[in-house]
Amino acid sequence: MQSLSKTLLSVTPGDIRDALPVVTTESKLRGVLRRTPARLLGTGVIAALIVPFGAGAAASAQQQLVPPQLLQPQVAPPQAPPTYVPAPVMPAVALPTLSESQVKQLQKLLASDTMGQGLAVARPTLVLDVDNDTLVRQALDHARAVHAGRLSEADFQQDWGMRPPAFDPLPGFADAVRRDRIVAWFAALPPPYSGYDGLKAGLERYREIAASGGWSALASGPDMTIGASGPRVVALRQRLAVEDKAVSTSGDRYDAALLDGVRRAQRRYGLNPSGIVSVQTLAALNVSATERVRQIMANMERWRWLPQELPKDRIQVNIAAAVLTVFDGDKPVTSMRAVTGRPGDETPMLTSTIHSVVINPPWNVPTSIATRELWPKEKANPGYLKRNGFKVIGGTRLQQSAGNQSALGRYKFDFDNPYSVYLHDTPSRAKFASFDRLASHGCVRLEKPGELAERLLAGDPQWTSEAIAATVTKGDTVRARLAKPVSVYLLYWTAFASGNGQMNFRADPYSWDAKLAAKIEARSARQALAAR
């Protein structure tokens, strides 16, 4: 998949809305059971998914801006992301004995749900001659996979900082067998979110498209826009109509109706909705239906890493789409564009809690950035650091003073995490008008940080809008602690459904979809080998 469009354009509310997945904690009635997530998928059922500020300043400005000599850059050892927490030791539960009717019911459920939950590319073969305990273990493996995914602790990358809690499906399954409620037990396994349900429905639709032959790749050529005509326009109409029934397949002219259809497609792919079909739009349209199926499956897997209930008041960042959304009472109340980490400086997936807003923050420069970027600039252009507000603190580190030049702007939103990332303002505003906004060192820059600060500090009599503005103007660095800390989730969604069920796709800028698929495939292969 190609990168998002780099054309600078004005931002419309529709652009932001179309970049938002439906993410609410309101679930459909899934039966009477709720579960806690888990981590392993056994074999036999599921095919692999393919696919302190410084102590003091130096004696003089001249000394401050000389790189420390004879000192190797000191890089703090990385802290480990959240680790797997074993489940409490519970009394052993024997494998239940299934009735003849339950055996048939369970076999059919496993075959259909394996496909429905996005655990296999092809429908598994229904094996009728299987003993009771093997079938029960297949059901338990399926439950772990659907409820909390198929990765073990060792499979998670360091910057995939989310872990599903341990989950033992056996007690619940044994109870379901005893009460003959296996169907209800199956229905209660998936993540209880409308965002997951939207992907599940999208998966079924795109599987049907793929099974019907998908769509033909569009030929390259001159840009197409209103007024164009010919065979390429006919092919464009046919391609768009597969995903958008409002597009007519009749005619060979690029008219106003087709222009609207192209713009809708570009918004679905996170591209500049210019209505001009050029290289990036062609690339997005030419991603096959089969590849879209795999993309949906990868995103369904990441949903399983979330807790079974999200806080109703929270902040979510879609890293891939570079959009921040604020939820109040489990409803999205505002959103803004963001700038997230560029490939190589990835913004990690994580969950934490924002505990304070720093007004007029200085920037304590990470050693890696100072070594790689800033000291070379000072060497090439002596005086660069001083002119841009930098000084040496503690003898070895660079700090940029608070103010208009600070890379952190006027606001910084702090939350504990092992990656030293945060949300912040920026004096560089141009990137927010771009449709390609993966450009930071890993932190998340915000389009409207002042608005977010006022919202988070609302209700605190010390921090009225006027008090915040006065503090910004005064220029002193002040930490305002939140009376009510707010949960924050940095998530990586490259496929999500809008409220009307329309699927939206983004590029996979970090190749995390592909890496996740490879890890699942490798784990499934190891389990299959061990089962022989």
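From a predicted model like this one, the values you see are computed outputs, not experimental measurements.

Participant: So what exactly am I meant to see when it comes to the overall build of the protein here?
Facilitator: Along the protein, the regular secondary structure elements total 16 helices and 15 strands. Within the protein, buried positions represent 51% of all 532 residues. Carbon together with sulfur atoms contributes 55% to the accessible area of the protein, which is approximately 23800 Å² in total.

Participant: Could you clarify how one ought to interpret the packing of aromatic side chains in this entry?
Facilitator: Applying the stated criterion across every chain yields a total of 13 aromatic pairs. Residues Y510 and W512 carry aromatic rings whose centres are separated by 4.8 Å and whose planes lie at 70° to one another, so their mutual orientation is edge-to-face. When its relative accessible area of 3% is taken as the criterion, Y510 is described as buried. Feature note: the residues F156, W160, W305, Y492, Y510 and W512 constitute an aromatic cluster, connected by ring pairs. Directly above the aromatic system of W215 lies the positively charged group of R239, at a separation of 3.7 Å from the ring centroid.

Participant: What should I look at first to understand the pairing of strand β13 (residues 478-491) in this one?
Facilitator: Each regular strand displays side chains that alternate between the two surfaces of the sheet. Summarising the sheet, strand β2 (residues 314-318) and β13 pair through five bridges and their orientation is parallel. By the bridge assignment, I315 is partnered in β13 with V488. As defined by bridge partners, strand β5 (residues 349-359) adjoins β13 across nine bridges and the pair is classed as antiparallel. From the neighbouring strand, L350 faces β13, where its bridge partner is L490.

Participant: What exactly am I supposed to notice about the pattern of salt bridges here?
Facilitator: Under the criterion given, the structure shown has 25 salt bridges. In this structure, the salt-bridge partner of D155 is R523, at a minimum N-O distance of 2.5 Å. Here R523 lies in helix α16 (residues 512-531) and D155 lies in the loop between α4 (132-148) and β1 (160-161), a separation of 368 residues in the sequence. In this structure R523 comes out as buried when scored by relative accessible area, which is 13%.

Participant: Would you mind showing me how to read the environment of Q266 here?
Facilitator: Take Q266: it is sitting in helix α9 (residues 256-268). Sequence separation of Q266 and A284 is 18 residues, and the distance between their C-alpha atoms is 8.5 Å. Not counting chain neighbours up to four residues away, the residues in contact with Q266 comprise L271, N272, P273, S274, G275, I276 and T281. Among the polar contacts made by the side chain of Q266, one reaches the main-chain amide nitrogen of G275 at a distance of 2.9 Å.

Participant: Could you clarify how one ought to interpret the sheet that holds strand β7 (residues 390-393) in this entry?
Facilitator: Strand-to-strand pairing in sheets goes through backbone hydrogen bonds, with the strands running parallel or antiparallel. Taken together, the three strands give an open sheet; going across it, the order is β6-β8-β7, and neighbouring strands pair in antiparallel fashion. Either end of the sheet is taken by a strand with one partner, and the two such strands are β6 (363-364) and β7. Sheet topology note: the β6/strand β8 (residues 397-400) ladder contains two bridges and is antiparallel. Paired with N364 across the strands is Q399, a residue of β8. Here helix α12 (residues 367-380) sits on the sheet in contact with β6, β7 and β8, set at roughly 70° to β8.

Participant: How should the packing of helix α7 (residues 194-211) against helix α11 (residues 289-303) be read in this particular structure?
Facilitator: Close contact between α7 and α11 brings their axes to 9 Å; oriented N to C, the two are set at 160°. The angle between the axes of α7 and α11 places the two elements in the roughly antiparallel class. Judged by the twist between their axes, the crossing of α7 over α11 is left-handed. Across the interface between the two elements, G195, Y196, L199, K200, G202, L203, Y206, R207, I209 and A210 of α7 pack against A289, T290, R292, V293, I296, M297, N299, M300 and W303 of α11. A breakdown of the residues in the contact of α7 with α11 according to their chemical character gives twelve nonpolar, four polar and three charged.

Participant: Help me understand the environment of L285 in this model?
Facilitator: Tracing the backbone through its elements, the reader meets L285 in helix α10 (residues 279-285). A residue is classified by how much of its surface remains accessible, and L285, at 1% relative accessible area, is buried.

Participant: Help me out: how do you make sense of helix α3 (residues 100-116) in this one?
Facilitator: Think of an α-helix as 3.6 residues a turn; residues three or four steps apart then line up on the same face. With 17 residues, α3 extends 24 Å from end C-alpha to end C-alpha; this agrees with the ideal 24 Å at 1.5 Å per step. Taken residue by residue, α3 has Q102, L106, Q107, L109, L110, A111, D113, T114 and M115 as its buried positions. The inward-facing, buried residues of α3 abut α4, α5 (170-178), α6 (182-187) and α7. Within two residues after α3, G118 carries a phi angle of roughly 70°, on the positive side.

Participant: What exactly am I supposed to notice about the nonpolar core here?
Facilitator: Taken as a class, soluble globular proteins show a tendency for nonpolar side chains to be buried jointly. Counting 100 residues, the largest nonpolar core has L236, F413, L423 and L452 as the members making the most contacts within it. Here L236 is in contact with L218, M224, Y254, L258, V262, V277 and L285, once residues within four sequence places are set aside. Counting residues in each nonpolar core, the second largest holds 21 residues, with L109, V146, A176 and V177 among its members.

Participant: Help me understand the environment of S216, please; the structure alone is not making it clear to me.
Facilitator: Turning to its location among the elements, S216 is positioned in the loop between α7 and α8 (231-243). A C-alpha to C-alpha distance of 7.2 Å links S216 and R239, two positions 23 residues apart in sequence.

Participant: Honestly, the pairing of β5 in this entry has me stumped. Any pointers?
Facilitator: For β5, the tally of buried residues reaches eight of eleven residues, placing the bulk of the element in the interior. Of the pairings in the sheet, the one linking β1 to β5 comprises two bridges and is parallel in character. Its bridge partner being in β5, G161 is matched across the sheet by L350. As paired elements, β5 and strand β9 (residues 411-415) share five bridges and run antiparallel to each other. Within β9, the position partnered with I359 by the bridge is Y411.

The rules we used
Residues numbered from 1 in each chain as written. Predicted model: local features only at pLDDT ≥ 70, side-chain atom pairs only at ≥ 80, totals over all residues. Heavy atoms only, no water. Helix = DSSP H or I, 4+ residues; strand = E, 2+ residues; numbered from the N terminus. Buried < 20%, exposed > 50% of the residue type's maximum accessible area, 1.4 Å probe, protein only. Areas by Shrake-Rupley, 256 points an atom, 1.4 Å probe, with all protein chains shown as cover. Phe/Tyr/Trp six-rings, centres within 6.5 Å; stacked < 30°, edge-to-face > 60°. Lys NZ or Arg CZ within 6 Å of the ring centre and 35° of its normal. Pairing = 2+ DSSP bridges. Salt bridge = Lys/Arg side-chain N within 4 Å of Asp/Glu carboxyl O. Contact = heavy atoms within 4.5 Å. Polar contact = N/O pair within 3.5 Å; in protein donor to acceptor, adjacent residues only side chain to side chain. Axes fitted to C-alpha atoms, helices over the stretch in contact; angles between N-to-C directions. Parallel < 35°, antiparallel > 145°, perpendicular 65-115°, else oblique. Left-handed = near helix turned anticlockwise from the far one by under 90°. Nonpolar A, V, L, I, M, F, W, Y, C, P; charged D, E, K, R; others polar. Expected span 1.5 Å × (residues − 1). Core = buried A, V, L, I, M, F, W, Y, C linked by side-chain atoms within 4.5 Å.

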